[in-house]
Amino acid sequence: MTVEATALDGVLLLTPRRFGDDRGFFSETWNARRMAEHGLDLTFVQDNQSLSREAGTVRGLHYQAPPHAQDKLVRCGRGRLIDVAVDARRGSPTFGRWLAVELSAESGRQLFVPKGFLHGFATLEPDTEILYKCTDFYAPESDGAVRFDDPDLGIDWGIDPDRAILSDKDARAPRWRDWVSPFVHGGAA
């Protein structure tokens, strides 16, 4: 597996090797022993799967606040999407900066989003499926969101934000400037 650092400290792009033949391919998407050698000594406790029927569906920007903050390893099982991580760690030199990466079933690339980052994605094709592992269980009392198209963040989602398909929760999410981050660089608030 290739592990690449990004412009946001802790956010990594992982590209598993694929072994293919005329039947298709095999790929190891996570190996705890090998990933610990890259500094990712994690225990995933929950796997999630999401299917978005329409291109232009946006889910995010989501987070779970401490004490249930989650590291996530995200990949696309079908279709294509833009995956976004936003540094929400107060005191971080990259606070408020974002990274957008295209993930697809074809490329097999994965994005590691550590605790302290907001996460979201926009689908680029119909029937796009996202799969992600989390290091903590879903806790409704810790669940939160920030507006995906916030002008202060200026994220390029690869779609027309005025035509985005949103949940009620995401449509009502607060703006970045009106939100107080529960995350602190180097620890939790």
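Residues numbered from 1 in each chain as written. Predicted model: local features only at pLDDT ≥ 70, side-chain atom pairs only at ≥ 80, totals over all residues. Heavy atoms only, no water.

Some words on the packing of aromatic side chains
Okay, so step 1: Per the counting criterion, the structure on display carries 6 aromatic pairs.
Okay, so step 2: An angle of 80° between the planes, with centres 4.9 Å apart, marks the rings of Trp30 and Phe44 as edge-to-face. Of this pair, Trp30 sits in the loop between β4 (24-27) and α1 (32-36) while Phe44 sits in the loop between α1 and β5 (46-52), and the two are 14 residues apart along the sequence. The residues Trp30 and Phe44 share a single accessibility class, namely buried.
Okay, so step 3: With a centroid separation of 5.7 Å and an interplanar angle of 65°, the aromatic rings of Phe148 and Trp157 are classed as edge-to-face.
Okay, so step 4: A relative accessible area of 1% means that Phe148 is categorised as buried.
Okay, so step 5: Aromatic ring contacts, followed pair by pair, group Tyr63, Phe95, Trp176, Trp179 and Phe183 into a single cluster. (Phe/Tyr/Trp six-rings, centres within 6.5 Å; stacked < 30°, edge-to-face > 60°. Helix = DSSP H or I, 4+ residues; strand = E, 2+ residues; numbered from the N terminus. Buried < 20%, exposed > 50% of the residue type's maximum accessible area, 1.4 Å probe, protein only.)

Structural notes on the state of the cysteines
Okay, so step 1: Under the counting rule described, the total for this entry stands at 0 disulfides.
Okay, so step 2: Unpaired in terms of disulfides, Cys76 finds its nearest cysteine sulfur in Cys134, a separation of 16 Å. (Disulfide = S-S within 2.5 Å.)

Some details on the sheet that holds strand β12 (residues 117-123)
Okay, so step 1: Spatially, 5 strands are ordered β10-β8-β12-β6-β14 in an open sheet, and the strand pairing comes out antiparallel. Each having just a single partner strand, β10 (98-104) and β14 (143-145) make up the two edges of the open sheet. For this sheet, the mean angle separating the axes of adjacent strands, direction not counted, is 25°.
Okay, so step 2: Note that strand β6 (residues 58-64) and β12 share 3 bridges and pair antiparallel. Bridging from a neighbouring strand, Val58 pairs with Ala122 of β12. (Pairing = 2+ DSSP bridges. Axes fitted to C-alpha atoms, helices over the stretch in contact; angles between N-to-C directions.)

Fair warning: the whole summary comes from geometry, so function is off the table for now.
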